[in-house]
Amino acid sequence: MPSEFDIIERFFKKSVPNEIVGIGDDAAIILASQTIEFAISTDTLVSGKHFFPDTDPYQLGFKSLAVNLSDMAAMGAKPRWSLLALTLPKNLTGNDNPWLSNFSKGFFDLANSYQVALIGGDTTSGPLNINVQIIGEIKRGKALRRNNAQADDDIWISGQLGNAALALRHERQHIILPLEEKTRCLTALLMPSARVELGQRLVDLAHSAIDISDGLAADLSHILKASEKAACINIDDVPCSPFVKENLSQPLIRQCLLAGGDDYELCFTAPEENRNAIASLGIELNVSLTRIGKILTGNQLIIEDSQGRSISLDNKGYDHFIS
Ligand code: ADP
Ligand code: MG
């Protein structure tokens, strides 16, 4: 079975004019003026695939924009405009059904907090499917790309990983989380904090970035492939909640932290000389920023524990056509 990336590569990746950055990063980049570029991206949430059909509509509205804001964050762009294409089953659109008013409230609460305007879209009927396009602005030549990691860069992660993956396992009844953890993990799954300010502030400090949507191992591998570099990370340094560290088995911790997906944290690489500036930025923005490894020459992703033991992962991350 081809992966989603095989499909994109084979059927859709074509050359584009020189001044445009096309397929292969968190957003495409086009020149808007002499000094400004637009970053443009789109993400779809499919009922039954990306969310349970009975998901709270407020949270769904919030998340459908948040996952797109996260791609803007990964490019270091300031999100400005969005388009919303909704495919709605008829049972959600009745006058006495609050689904749409709650969905739009969730969407606009987040949009307003970043002054992102909804400027268009499409509304059709059919199985529930939510597609958002987002357009952001960035100073010309400043976008954070996946392809500029340099040997010896530190690899950094924002926030904590694994919480959304745990929530999903709880919802599927593979594990039972205590109430407080359940609430925290479900919030991470349904209302992710796109690192919009952080991304914009990293443009002068980081060499490369990606947002973690499919799992750390898969997404860091995209940076390595695009930059033609290798990396070594320490699994014990990957930031997670104390609950995860203290209560879960090692194999489950590894799956959740490395291949969990839906984290929407930033993974970025930066030169050692910027360590202090990055640490100060984390304090200023109240976002924890953790160093988990180094970029190396070569082409593999090496994952070790604190004892230097190598860790192999059966499932590297989420792929729509393989997972
Ligand atoms: P992300 O996880 O950041 O949303 P994806 O992994 O979905 O990015 O996509 C990888 C790259 O492929 C992106 O640059 C995206 O714009 C591009 N892409 C995905 N699907 C298509 C498609 N059907 N046609 C053209 N480009 C695509
Ligand atoms: Mg992305």
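The model shown is predicted, which means the values in this text are computed figures rather than measured ones.

Looking at the coordination of the magnesium ion (ligand 2)
Now for step 1: Within the protein, D26 (OD), D71 (OD) and D211 (OD) serve as the donor atoms for the magnesium ion (ligand 2), at 2.0 to 2.1 Å.
Now for step 2: The sequence motif formed by the donor residues of the magnesium ion (ligand 2) is D-x44-D-x139-D. Placement of the pair is D26 in the loop between α1 (4-12) and β1 (28-31) and D211 in strand β7 (residues 208-211), with a sequence separation of 185 residues. No difference in accessibility class separates D26 from D211, as the two residues are buried.

Regarding the site of ligand 1
Now for step 1: As a matter of local geometry, ligand 1 sits amid F5, I8, F12, I23, G24, D25, D26, D43, D71, R146 and S213.
Now for step 2: Within the contact set of ligand 1, an oxygen atom lies 2.8 Å away from a backbone nitrogen or oxygen of G24.
Now for step 3: Between ligand 1 and D25 there is a distance of 2.7 Å, counted from an oxygen atom to a backbone nitrogen or oxygen.
Now for step 4: The fraction of the free accessible surface of ligand 1 (550 Å²) that becomes covered by protein chains is 67%.
Now for step 5: Residue classes in the shell around ligand 1 are distributed as 4 nonpolar, 2 polar and 5 charged.

Some thoughts on the sheet that holds strand β8 (residues 230-234)
Now for step 1: Spatially, the 6 strands line up as an open sheet ordered β7-β9-β6-β10-β8-β11, and their pairing is mixed. Edge positions in the sheet fall to β7 and β11 (301-304), since each of these pairs with one other strand and no more. Going from strand to strand, the sheet's axes swing by 25° on average, the running direction of each strand aside.
Now for step 2: Two elements, β8 and strand β10 (residues 289-296), share 4 bridges in a ladder whose sense is antiparallel. Among the inter-strand pairings, C232 is bridged to a residue of β10, identified as K294.
Now for step 3: Of the strands in this sheet, β6 (154-158), β7, β8, β9 (266-270), β10 and β11 are in contact with helix α7 (residues 216-227), which crosses β7 at around 145°.

Focus: the pattern of salt bridges
Now for step 1: The final tally for this structure, using the stated rule, is 14 salt bridges.
Now for step 2: With a shortest N-O distance of 2.9 Å, D26 and R146 are connected by a salt bridge. With D26 in the loop between α1 and β1 and R146 in the loop between β5 (129-139) and β6, this pair connects stretches of sequence that are 120 residues apart.
Now for step 3: Look at D26 and you get buried, because its relative accessible area is 6%.
Now for step 4: R146 gets classed as buried once you look at its relative accessible area, which sits at 13%.
Now for step 5: Residues K294 and E272 are paired through a salt bridge, measuring 2.8 Å at the closest nitrogen-oxygen approach. Taken as a pair, K294 in strand β10 and E272 in the loop between β9 and α10 (275-285) lie far apart in primary sequence, 22 residues in all.

A closer look at the domain arrangement of the protein
Now for step 1: Taken domain by domain, the protein consists of domain 1 (4-139) and domain 2 (146-304).
Now for step 2: Spacing between the C-alpha centres of domain 1 and domain 2 amounts to 22 Å.
Now for step 3: In this complex, domain 1 contributes 24 residues to the contact, which on the side of domain 2 involves 23 residues.
Now for step 4: Around 2000 Å² of area is buried between domain 1 and domain 2 when both sides are counted, 60% of it from carbon and sulfur atoms.
Now for step 5: Among the residues of domain 1 in contact with domain 2, F52, K63 and Y114 are the three that bury the most area, contributing 24% of the side total.

A closer look at the sheet that holds strand β3 (residues 78-88)
Now for step 1: One open sheet accounts for 5 strands, arranged β1-β2-β5-β3-β4; its pairing is mixed. At either end of the open sheet lies a strand with only one pairing partner, and these are β1 and β4 (117-125). Sheet twist, expressed as the mean angle between neighbouring strand axes with direction ignored, is 20°.
Now for step 2: By the bridge criterion, 8 bridges tie β3 to β4 in an arrangement that is parallel. Bridge pairing in β4 links W81 to A117.

What counts and what doesn't
Counting of residues starts from 1 at the beginning of each chain's written sequence and follows it residue by residue. Here chains are named by letter from A upward and ligands by number from 1 upward, in the order in which they appear as written. In keeping with the predicted nature of the model, local features appear solely for residues at pLDDT of at least 70, side-chain atom pairs appear and are counted solely at 80 or more, and the whole-chain, interface and lining totals rest on all residues. Where side-chain values are given, they derive from all heavy atoms of the structure, hydrogens and water being excluded. Nitrogen, oxygen and sulfur within 2.8 Å of a metal are treated as its donors, or within 3.2 Å for sodium, potassium and calcium (Na, K, Ca); water is not counted, so a site can appear incomplete. Per the convention used, a helix needs a DSSP run of H or I reaching at least four residues, while a strand needs a run of E reaching at least two, with both numbered from the N terminus. Accessibility here uses a 1.4 Å probe with only protein chains present; expressed as a share of the type maximum, an area under 20% marks a residue as buried, one over 50% as exposed, and anything in between as partly exposed. The rule for a residue being near a molecule or strand is that one of its heavy atoms must lie within 4 Å of it. Under the rule applied, a polar contact is a pair of N or O atoms within 3.5 Å (in protein, one hydrogen donor and one hydrogen acceptor; residues adjacent in sequence only if both atoms are side-chain atoms). Here the accessible surface of atoms and residues is derived via Shrake-Rupley with a 1.4 Å probe, and residues count as covered only by protein chains that are part of the display. Following the grouping adopted for this structure description, the nonpolar residues are Ala, Val, Leu, Ile, Met, Phe, Trp, Tyr, Cys and Pro, the charged ones are Asp, Glu, Lys and Arg, and the polar ones are all others, Gly among them. Strands are treated as partners if at least two bridges between them are detected by DSSP. Axis definition: a line fitted to C-alpha atoms, over the contacting stretch in the case of helices. Angles run 0 to 180 degrees between N-to-C directions. Whether two residues are in contact is decided by their heavy atoms, any of which lying within 4.5 Å being enough. Salt bridge, as applied in this entry: a Lys or Arg side-chain nitrogen positioned within 4 Å of an Asp or Glu carboxyl oxygen. By convention here, the domain bounds are inherited from an automatic or database domain assignment. Once two parts are joined, some of their accessible surface, as seen by a 1.4 Å probe, is lost; buried area is that loss totalled over both.

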